[in-house]
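Coordinates in review
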Amino acid sequence: MPTSPEFLTARLRLNRLLPADATALYDYRSDANVARYQGWWPTDLAQAEAFIATQAAQVFGSPESWCQLAIRDRDSSELIGDIGIHFPGTTDDAIEFGVTLHPDRQGRGYAREALDRAIDLAFREWGYRRAVGSVDPRNAASMALLRSLGFRQEAHHVASYRFRGEWVDDVIFAMLATEWQGG
Ligand SMILES: CC(C)(COP(=O)(O)OP(=O)(O)OC[C@H]1O[C@@H](n2cnc3c(N)ncnc32)[C@H](O)[C@@H]1OP(=O)(O)O)[C@@H](O)C(=O)NCCC(=O)NCCS
């Protein structure tokens, strides 16, 4: 199970969101293109502040929690995105990931770098057996991201849930620890 919420990659630093991140978080999370397929988006700064406060109150890695970690530039610590990790009840159950980047930081491999690290921790340090991602099939960048890391498409649920007034599809990607070749 996780111990510390602070991880480094070659270019990135993943750690807790801080109150000082609220403006930057609101800025990219409220962007229409970023929010299009997201279940949560702030409509004002106060919602971003409340989100960070809720996250701060959580114990990182506690069973049945969604932890949203900051993705920062490793050197400057500037917030460039976030990674959501759903910790299931036990390590036998699937751990789930979702990544969001500031529009100006997309297309440079940062999402792949952050997710690669998180998956590696999940399988090799935290002991999870299976990882999953759930994506709207219109979200091409997210589909490509998961495929590039070795996730396998296991399901395509058609018009399976109601999202912002319309019935939308949900594609499930998965990978087993025994299949992981990244890190
Ligand atoms: C999903 C999302 C995080 C993917 O971001 P991304 O920038 O496309 O992904 P990466 O950071 O891995 O970048 C990959 C691209 O950078 C390019 N790239 C540039 N430099 C690179 C480098 N040093 N290393 C790797 N890739 C690099 C890759 O070639 C790739 O380009 P391509 O897509 O044209 O092949 C982003 O689209 C996003 O934030 N979307 C909105 C939020 C969202 O919907 N999230 C998913 C919720 S389920």
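Above this text sits the structure in question.
In what follows, the accompanying structure is described. Because the structure is a prediction, the values reported are computed rather than measured.

So, the overall build of the protein
Across its full length, the protein holds five helices and eight strands. Ordered by position from N to C terminus, the α and β elements of the protein give β-β-α-α-α-β-β-β-α-β-α-β-β. Against the compact-globule benchmark of 16 Å for 183 residues, the protein has a radius of gyration of 16 Å, which places it among compact chains. Per-residue burial over the protein gives 43% buried out of 183 residues. In the protein, once contacts between residues fewer than 6 apart in sequence are set aside, the share between residues at least 24 apart is 59%. Within the structure as shown, the protein displays about 9,000 Å² of accessible surface, and the carbon and sulfur contribution to it stands at 49%. For the protein, the distance from the average site of its 19 positive side-chain charges to the average site of its 25 negative ones is 3 Å.

Observations concerning the pairing of strand β5 (residues 95–101)
Pairing between strand β4 (residues 79–87) and β5: six bridges, direction antiparallel. Across the sheet, residue Ile83 finds its bridge partner in β5, namely Val99. In the sheet, β5 pairs with strand β6 (residues 130–135) via two bridges, with the strands oriented parallel. By the bridge assignment, Glu96 is partnered in β6 with Val132.

A word on the site of the ligand
What surrounds the ligand is a group of 18 residues, the closest being Val99, Leu101, Gly107, Tyr110 and Ala111. Taking Val99, its main chain carries an N or O atom lying 2.8 Å from a nitrogen atom of the ligand. The backbone of Ala111 places a nitrogen or oxygen atom 2.7 Å from an oxygen atom of the ligand. Protein contacts shield 63% of the accessible area of the ligand, which totals 950 Å² for the unbound molecule. Secondary structure elements with two or more residues in the shell around the ligand: β5, α4 (110–125) and α5 (140–148).

Focus: the sheet that holds β4
Spatial strand order, β1-β2-β3-β4-β5-β6-β8-β7: eight strands in an open sheet with mixed pairing. One side of each edge strand has no neighbouring strand; the edge strands of this open sheet are β1 (7–8) and β7 (152–163). Helix-sheet contacts for helix α1 (residues 22–29) involve β3 (65–73), β4 and β5, and the interaxial angle to β4 is about 85°.

Cut-offs and rules
- Residues numbered from 1 in each chain as written.
- Predicted model: local features only at pLDDT ≥ 70, side-chain atom pairs only at ≥ 80, totals over all residues.
- Heavy atoms only, no water.
- Helix = DSSP H or I, 4+ residues; strand = E, 2+ residues; numbered from the N terminus.
- Rg over C-alpha atoms; globule rule 2.2 N^0.38 Å.
- Buried < 20%, exposed > 50% of the residue type's maximum accessible area, 1.4 Å probe, protein only.
- Contact = heavy atoms within 4.5 Å.
- Areas by Shrake-Rupley, 256 points an atom, 1.4 Å probe, with all protein chains shown as cover.
- Lys, Arg positive; Asp, Glu negative; His and termini not counted.
- Charge placed at Lys NZ, Arg CZ, Asp CG, Glu CD.
- Pairing = 2+ DSSP bridges.
- Near = heavy atom within 4 Å.
- Polar contact = N/O pair within 3.5 Å; in protein donor to acceptor, adjacent residues only side chain to side chain.
- Axes fitted to C-alpha atoms, helices over the stretch in contact; angles between N-to-C directions.

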